[in-house]
Amino acid sequence: MHAPRKFKKAFMAQLLVSLRAAGQASKSMGLRERRDAVRLSSDVAMALASSSRARAAPRPAPAAWARALVARHAAERRNEALMRRIMGGAGYEIAAAAAAAARGRREARSRRIVRRSRRVCSGAAAGRKRRAASGGGGGGCGAMAAARRMVRMRLQVLRSLVPGGEALRGLSLLSETLDYVVCLKTQVELMQCLCKGSRPQQG
């Protein structure tokens, strides 16, 4: 699967701007800090190129992963100076506000999970007592429950891999994952071209 040519072009243009900003900021950095700055620059460039692609579409719908990826980097104060260089002051402020909102949602979700876990644990204990009293349940139900549990676990892993995936469900999660993987593939291709000094292929 190939990324559209316009996206590659926008990504490369934004990546060069981001890397230039990182280069100006890296004079006083150590090797590890420079590596982190390159990674940050590449992630932000990918997210901004994806957002510009969405704005150019007939029905703009910026990818949730792009917003979440920028917000994740903006949540770390050490990234502020570089992100301001790349995104401008206003762009950074929007990203920082999104990061604060996401942090608040995560805390609220954590509290809900704790409350739900307590209810489930107390309900499970009561269910075990009822099953023990009635002599147990059927084997088919156990296999279905195990299959559902495995699907839930794999979806949970997928949500942890995609930025912003914690809030996604069903087809939205799969659609965002597909878009994110295509953009990551393009990111790797462009970074490899920059390292080799060759010209990126137009897909």
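Quick notes on the rules
- Residues numbered from 1 in each chain as written.
- Predicted model: local features only at pLDDT ≥ 70, side-chain atom pairs only at ≥ 80, totals over all residues.
- Heavy atoms only, no water.
- Salt bridge = Lys/Arg side-chain N within 4 Å of Asp/Glu carboxyl O.
- Helix = DSSP H or I, 4+ residues; strand = E, 2+ residues; numbered from the N terminus.
- Buried < 20%, exposed > 50% of the residue type's maximum accessible area, 1.4 Å probe, protein only.
- Phe/Tyr/Trp six-rings, centres within 6.5 Å; stacked < 30°, edge-to-face > 60°.
- Axes fitted to C-alpha atoms, helices over the stretch in contact; angles between N-to-C directions.
- Parallel < 35°, antiparallel > 145°, perpendicular 65-115°, else oblique.
- Left-handed = near helix turned anticlockwise from the far one by under 90°.
- Contact = heavy atoms within 4.5 Å.
- Nonpolar A, V, L, I, M, F, W, Y, C, P; charged D, E, K, R; others polar.
- Core = buried A, V, L, I, M, F, W, Y, C linked by side-chain atoms within 4.5 Å.

(A) Molecular detail of the pattern of salt bridges. Counted by the stated rule, this structure contains eight salt bridges. Note that Lys8 is salt-bridged to Glu189, the shortest N-O span being 3.4 Å. Highlighted residues: Lys8 in helix H1 (residues 5-25) and Glu189 in helix H6 (residues 170-196), separated in sequence by 181 residues. Lys8 gets classed as buried once you look at its relative accessible area, which sits at 9%. Arg77 is the salt-bridge partner of Glu80, the closest N and O atoms lying 2.9 Å from each other. Salt bridges here are not isolated pairs; linked through shared partners, they connect Arg35, Asp36, Glu76 and Arg78.

(B) Broad picture of the packing of aromatic side chains. Applying the stated criterion across every chain yields a total of two aromatic pairs. Arranged with centres 5.7 Å apart and planes meeting at 35°, the rings of Phe7 and Phe11 form a pair that is tilted. Placement of both Phe7 and Phe11 in helix H1 is noted, with a separation of four residues, approximately one turn of the helix. The pair formed by Phe7 and Phe11 is uniform in burial state, with each residue classed as buried. Taken together, a centroid distance of 5.1 Å and an interplanar angle of 50° make the contact between Trp65 and Tyr180 tilted. Taken together, the residues Trp65 in helix H3 (residues 64-74) and Tyr180 in helix H6 connect sequence positions 115 residues apart.

(C) Expanded view of H3. Taken across its eleven residues, H3 has eight buried, putting it largely inside the fold. Among all positions in H3, only Ala64, Trp65, Ala66, Leu69, Val70, Ala71, His73 and Ala74 are buried.

(D) Quick look at the packing of H1 against H6. Between H1 and H6, the shortest axis-to-axis distance is 11 Å and the interhelical angle comes to 55°. In terms of orientation, H1 and H6 fall into the oblique class. Judged by the twist between their axes, the crossing of H1 over H6 is right-handed. Each of Phe7, Lys8, Phe11, Met12, Leu15, Leu16 and Leu19 in H1 lies in contact with H6, whose residues at this interface are Cys183, Thr186, Gln187, Glu189, Leu190, Met191 and Leu194. Within the contact of H1 with H6, the residues separate by chemical class into ten nonpolar, two polar and two charged.

(E) Quick peek at the nonpolar core. Formed by 28 residues in total, the largest nonpolar core has its most connected members in Phe11, Met46, Trp65, Leu82 and Met83. Elements supplying a minimum of two residues to this core: H1, helix H2 (31-56), H3, helix H4 (80-134) and H6. The leading source of residues in this core is H2, at seven residues. Those residues in contact with Trp65 that lie beyond four places of it in its chain are Met46, Ala47, Ser50, Val162, Pro163, Glu176, Asp179, Tyr180 and Cys183.

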